[in-house]
Amino acid sequence: MAKSETGNGPFEYKPNLPMAYIMAILWVITLVYMMYQYISQKSWFFWCMIVGVFMETIGYVARISAINTRADEGTPVAYIINFTLLLLAPSFLAAGCYMAFGRVIYYVAPPARRNVRNMWVPARFITPIFVVLDILSFLIVALGGIRVSAAITKLNEVGSNKAKARSDLEAGYNTAKIGVIVQLACFGFFTFVGARILFVAKQWQSQWPDSGAWKRLAWAINGACALILFRSIFRLIEFLGGASSDYISKHEAFIYVFDAFPMLFVFFIFFAIPPAKYLPRMFMSVRFKKHLAAQEKAAAAGGMSSGVGGAGVPMGSYVGYQRHPDDSEAALQGAGPYGPPVEEQQKYHFQEHR
């Protein structure tokens, strides 16, 4: 991504303006529908996906401006915005997947099954561990992206130290490369954990809170993660080439085939299989209060909830919903594994109905 010899500004190829418009329109539509789904279904914990779709949309809209900038005007700010946001947005999508899967585990697995033997990671730490690693990779990639952007700007400035700028560019690529490697390691382990949980869940199939519909959401999350993993591998290959990368950096099709479309499909998956359709209302809150979520799960199974789920539909309308074997009347009163103390129930119902 050094200064182009082709008269296309910071681009190493002649960018396709109509394709840039098409991609920007697709992302604007995705943003609008994602916002509609997020608000209408009250999927508040999915805020990371909202941030991610905003970044992708702004990034591709900025790409249009960058293409329309004359080559003799130096590196446009729009190009830096495009490059940086597209590089960082998938980290937010990954965080959304981690949060969703953590809730699926608490929805499906009985307390006795939420251990290292079954999960490989303690259930209560699955979301925090992967989100922290995601934040770490995000910060490293952000640092690398900033260094790359600054170096590209210097390369396009008249009278700048080109040798130092190229050195900074290589350093930026190397930093971003480390961040992507951390993200790949995190994603790879998460993929194995997700696959294992789907496999070992068969051991307590008789205790599933529904007829198995939750597996659609679990597979959707794993599918989304696979697409993000696919995109991260592409970025790693790109960064391994460094500033001297030839083939990838000189062909625009790669950015669309291996980055733009896979990230669009991540959102299409969740449009078709939204978490709110498969998880109770209390699982949708930003701050996941596990004991209250367990209470609502138990009450819903016994027909004692307020009747509204995460998507604003009766709890009985969840796909394949069935009464959990452990959700006895005693459990609803605090004696079972899913029932919190009576004082918490009273506090919860007071807050809900005041």
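Scroll up to find the structure this text is about.
What this report covers is the structure whose coordinates are included nearby. (Residues numbered from 1 in each chain as written. Predicted model: local features only at pLDDT ≥ 70, side-chain atom pairs only at ≥ 80, totals over all residues. Heavy atoms only, no water.)

### Notes on the overall build of the chain
Within the chain, the secondary structure is distributed over 11 helices and zero strands. When the helices and strands of the chain are placed in sequence order, the string is α-α-α-α-α-α-α-α-α-α-α. When each of the 354 residues of the chain is scored for burial, the buried share is 55%. Counted over contacts in the chain with a minimum sequence separation of 6, partners at least 24 positions apart contribute 76%. Only carbon and sulfur atoms are counted for the fraction: they give 65% of the accessible area of the chain, which is about 15300 Å². (Helix = DSSP H or I, 4+ residues; strand = E, 2+ residues; numbered from the N terminus. Buried < 20%, exposed > 50% of the residue type's maximum accessible area, 1.4 Å probe, protein only. Contact = heavy atoms within 4.5 Å. Areas by Shrake-Rupley, 256 points an atom, 1.4 Å probe, with all protein chains shown as cover.)

### Observations regarding the nonpolar core
By size, the foremost hydrophobic cluster in this structure holds 97 residues, and its most contacted members are Trp214 and Ile221. Here this core takes 22 residues from helix 3 (residues 77-108), the largest share from any one element. Beyond its immediate chain neighbours, meaning those up to four positions away, Trp214 contacts Val104, Tyr107, Val108, Leu198, Ala201 and Trp208. (Core = buried A, V, L, I, M, F, W, Y, C linked by side-chain atoms within 4.5 Å.)

### As for the pattern of salt bridges
Summed over the entire model, instances satisfying the criterion amount to five salt bridges. We note a salt bridge from Asp168 to Lys164, for which the minimum N-O separation is 3.1 Å. On the criterion of helical spacing, the pair formed by Asp168 and Lys164 is a turn pair, its members being four residues apart in helix 6 (residues 162-200). For Asp168, a relative accessible area of 17% puts it in the buried group. Across the salt bridge formed by Asp259 and Arg231, the nearest N and O atoms sit 3.5 Å from each other. In this pair, Asp259 is assigned in helix 8 (residues 253-272) and Arg231 in helix 7 (residues 214-241), connecting sequence segments 28 residues apart. With relative accessibility at 0%, the residue Asp259 sits in the buried group. For Arg231, a relative accessible area of 2% corresponds to the buried category. A cluster of three or more residues bridged by salt bridges with shared partners is formed by Arg231, Arg235, Glu238 and Asp259. (Salt bridge = Lys/Arg side-chain N within 4 Å of Asp/Glu carboxyl O.)

### Some words on the packing of helix 3 against helix 6
Put simply, helix 3 and helix 6 touch, their axes get as near as 12 Å, and they point 25° apart. With respect to helix 6, the axis of helix 3 lies roughly parallel. Where helix 3 crosses over helix 6, the handedness of that crossing is left-handed. Residues Ser91, Ala94, Cys97, Tyr98, Phe101 and Ile105 of helix 3 pack against Gln183, Cys186, Phe187, Phe190, Gly194 and Ile197 of helix 6. Of the residues assigned to the contact of helix 3 with helix 6, the class counts are nine nonpolar, three polar and no charged. (Axes fitted to C-alpha atoms, helices over the stretch in contact; angles between N-to-C directions. Parallel < 35°, antiparallel > 145°, perpendicular 65-115°, else oblique. Left-handed = near helix turned anticlockwise from the far one by under 90°. Nonpolar A, V, L, I, M, F, W, Y, C, P; charged D, E, K, R; others polar.)

### Looking at helix 3
Across its 32 residues, helix 3 extends 47 Å between first and last C-alpha, which sits within 8% of the 46 Å expected from 1.5 Å per residue. Maximum bend of helix 3: about 30°, positioned at Leu86, with proline Pro90 one to four residues after it. Most of helix 3 sits out of view: 29 of its 32 residues are buried. (Expected span 1.5 Å × (residues − 1). Bend = angle between axes of the 7 residues up to and from the residue.)

### A short note on unusual backbone geometry
The phi dihedral of Lys42 is positive, around 55°, even though this residue is not glycine. Note on placement: Lys42 falls in the loop between helix 1 (17-40) and helix 2 (47-68).

### A look at a nonpolar patch on the surface
There is a patch of nonpolar side chains on the surface, built from Ile39, Trp44, Trp47 and Val286 and spanning about 380 Å² of accessible area. Along the chain, Ile39 falls in helix 1. (Patch = residues over 30% accessible without salt bridge, like charges linked within 9 Å, V, L, I, M, F, W, Y side chains within 5 Å.)

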